Amino acid sequence: MGCRRRCQNHFLDFNFNSSSSSSSYIRLVALLLLLSFFFANFLVVNGKANATPSPVTPINHDLYHTSGALLEEIETLVHRHPDKLSIETIFSKNKGYQAEMTVVTYCSKRTDCDGKSKFRILLSFGQHGRELITSELALRILSILSEEEFLPNTDRGSLNNTLDRLVIKVVPMENFNGRKLVEAGEFCERRNGRGVDLNRNWSVDWGKKEKDYDPYEENPGTAPFSEPETQLMRKLSISFEPHIWVNVHSGMEALFMPYDHKNTTPDGFFSQRMKSMLEKLNHLHLEDRCLIGSGGGSVGYLAHGTATDYMYDVARVPMAFTFEIYGDGTASSKDCFRMFNPIDITTFNKVLNDWSAAFFAMFKLGALQVDGLHSGAVASSFDKWISIDDYLNGYLMERRNRYGKKMEVLELGMQEIRTYFRLFMLSSVLLMFMFCSRISKSARPIVSAMSL
Ligand SMILES: [Zn+2]
């Protein structure tokens, strides 16, 4: 600020002192501008000429559905099995931006689907646009639930016995608008249709930025729950009260539990229970190749404002997970389709087979919890399990409603102020950076292998 003022004064002095030096000064400035213009163009052209175009893998449509075809296939599948499956599309709108979300509910024989006697599982796929494989897994799981496809080495009778005790809600494509951008050629886009990362838009530790924060990847939005997609998911979690939540991603192979915003796992019984569940899935169906632990402690970066941290800490879902189902660490950082999705049919099928087996194993382990509840088992673990249901329905729901919402409102106020401050700073430096951005266009920022 001070410097700018000094320079301006100097310029004025200079201007008024002599008209001849004034015109030579203008000529000098014009020359400098002209030179810098040519220099910038030289850099851009040269940058383009020198950059060897790195190969970018396009979407393989022999393996992958388009978003429209995938949702259509799910809809017809549901309509063929009205005894087990139902479907709804939910909408939300905010400042001219609308999101829609398909939700499929599995509830065998359509008995007690809205009641709370069954064990409830909520699964979300496709929260990040570029992770197409996750939505293909959603379709596979729904096909197996409908009995149109089968899990190898599984006795259907015993599986159905398991499934009778569950209600499973599947969101096959949480980020429909972001996915559309990917299909239009933005293969590295993970954010929603207006540039917000839906896995940074939740209220737990919202908006905190690490040193390596990259807005292209992790823009948390203007406030917690600023995005319609996040609002819809929050509503769903509050009305459904799941016992298990899984946020399904790709970019690596991992089974994560809370927390994402710090590098520790929670203390106590449910933490142990989550860890033991993940170890079983990893060993039985994933050849022990997955990383297990807290997202923040294992993924290599801390993530603030994630869905899984909210589900565990605020919605009080007893078992909250993030599964990372595939990643190609050898892919170039600009080759996003390849980095996040299998590109050959063998790997594609292996990912879907292994992970659907892991999900159904998780369903089975979930149903065992219901057995414990209903048989009145007195093992201490079940006592504790029952106590979490009291916990859910009683004191903590109360606490969530009273203090949780108050805290969100407070956070929101602070966030608004921060946002306006940032906007002010941004606009004041924008002009300064216009020239630089012209040059840097030739060297677009490299997309990091961020998956969570
Ligand atoms: Zn992701």
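Residues numbered from 1 in each chain as written. Predicted model: local features only at pLDDT ≥ 70, side-chain atom pairs only at ≥ 80, totals over all residues.

Our next topic: the overall build of the chain. On a plain count of helices and strands, the chain comes out with 15 helices and 8 strands. Per-residue burial over the chain gives 38% buried out of 452 residues. Counted over contacts in the chain with a minimum sequence separation of 6, partners at least 24 positions apart contribute 80%. (Helix = DSSP H or I, 4+ residues; strand = E, 2+ residues; numbered from the N terminus. Buried ≥ 20, exposed ≤ 12 C-beta atoms within 10 Å, placed from the backbone. Contact = placed C-beta atoms within 7 Å.)

Counting through the fold element by element, Thr 154 comes out in the loop between α4 (132–145) and α5 (156–163). Between the C-alpha atom of Thr 154 and that of Ala 357, which follows or precedes it by 203 residues, the distance is 9.3 Å.

Moving on, we come to the pairing of strand β2 (residues 97–106). Pairing of strand β1 (residues 85–94) with β2 involves 10 bridges; the strand directions are antiparallel. Within the sheet, the bridge partner assigned to Ser 86 lies in β2 and is Thr 105. The hairpin formed by β1 and β2 contains 2 residues between the paired strands, and Lys 95 there has a positive phi angle of roughly 45°. (Pairing = 2+ DSSP bridges.)

This part takes up the sheet that holds β2. Spatial strand order, β1-β2-β4-β3-β5-β8-β6-β7: 8 strands in an open sheet with mixed pairing. The strands lining the two open edges of the sheet, one partner per strand, are β1 and β7 (291–294). Direction aside, neighbouring strands of the sheet carry axes that sit 20° apart on average. Where helix α9 (residues 269–285) meets the sheet, it contacts β6 (252–257), β7 and β8 (319–326), and its direction lies at approximately 155° from that of β6. (Axes fitted to C-alpha atoms, helices over the stretch in contact; angles between N-to-C directions.)

What describes two packed helices is the angle between their axes and the distance between those same axes. Contact geometry for helix α3 (residues 67–80) and α4: axes closest at 11 Å, N-to-C directions at 10°. Put simply, α3 runs roughly parallel to α4. Facing Leu 70, Glu 73, Ile 74 and Leu 77 of α3, the residues of α4 in contact are Ser 135, Leu 139, Leu 142 and Ser 143. Its residues assigned to classes, the contact of α3 with α4 comprises 5 nonpolar, 2 polar and 1 charged. (Parallel < 35°, antiparallel > 145°, perpendicular 65-115°, else oblique. Nonpolar A, V, L, I, M, F, W, Y, C, P; charged D, E, K, R; others polar.)

In this fold, Ile 168 is placed in strand β4 (residues 166–171). Ile 168 sits 49 residues away from Phe 119 along the chain, and the two C-alpha atoms are 8.4 Å apart. Once you skip the residues sitting within four places of it in the chain, Ile 168 turns out to touch Tyr 106, Ile 121 and Leu 123.

Now for the confidence of the model for the chain. For residues with low pLDDT, the predicted coordinates do not support detailed interpretation. Looking at the chain as a whole, the pLDDT averages 81, with 70% of positions reaching at least 70. Confidence drops under a pLDDT of 50 for residues 29–50, and excluding neighbours within four residues, the segment shows 10 contacts in the predicted structure. Scored below 50 in pLDDT, residues 374–413 shows 28 contacts in the model against residues more than four places distant or in partner chains. (pLDDT = per-residue confidence, 0-100.)

If you check α3, its first and last C-alpha atoms are 20 Å apart, about what 14 residues at 1.5 Å a residue would give, namely 20 Å. On its buried side, α3 packs onto β1, β2, α4 and α6 (176–183). (Expected span 1.5 Å × (residues − 1).)

What follows covers the nonpolar core. Judged by nonpolar contacts, the single largest core of 78 residues is most densely connected at Leu 123, Leu 137 and Phe 321. Counting residues per element, this core draws most heavily on α4, which supplies 9 residues. Those residues in contact with Leu 137, other than ones at most four positions away along the chain, are Phe 125, Val 248, Ile 325, Leu 352, Trp 355 and Ser 356. (Core = buried A, V, L, I, M, F, W, Y, C linked by C-beta atoms within 7 Å.)

The UniProt feature table records "active site" (unreviewed entry) at Glu 324. As for its placement among the helices and strands, Glu 324 is situated in strand β8. For Glu 324, a count of 25 C-beta atoms within 10 Å corresponds to the buried category. Here Glu 324 is in contact with His 249, Ser 250, Gly 251, Met 252, Glu 253, Ala 254 and Ser 451, once residues within four sequence places are set aside. (UniProt positions renumbered as here; feature names shortened; annotations may be inferred.)

Turning our eyes to something else, we now look at unusual backbone geometry. In the segment running from Pro 258 into Tyr 259, the intervening peptide bond is cis, with an omega of 5°. In this fold, Tyr 259 is placed in the loop between β6 and α9. If you check the backbone angles, Phe 225 has positive phi at about 65° while not being a glycine. Even without glycine at this site, Glu 241 takes up a positive phi of about 50°. Tracing the chain through its elements places Glu 241 in the loop between α8 (228–240) and β5 (244–249).

We now examine the pairing of β5. Along β5, 6 of the 6 residues are buried, which leaves the element largely enclosed by surrounding structure. Of the two faces of β5, both are covered, the one formed by Ile 244, Val 246 and Val 248 as well as the one formed by Trp 245, Asn 247 and His 249. Pairing between strand β3 (residues 119–125) and β5: 5 bridges, direction parallel. Paired with Ile 121 across the two strands is Ile 244, which belongs to β5. In the sheet, β5 pairs with β8 via 6 bridges, with the strands oriented parallel. Directly across from His 249, in β8, lies its bridge partner Glu 324.

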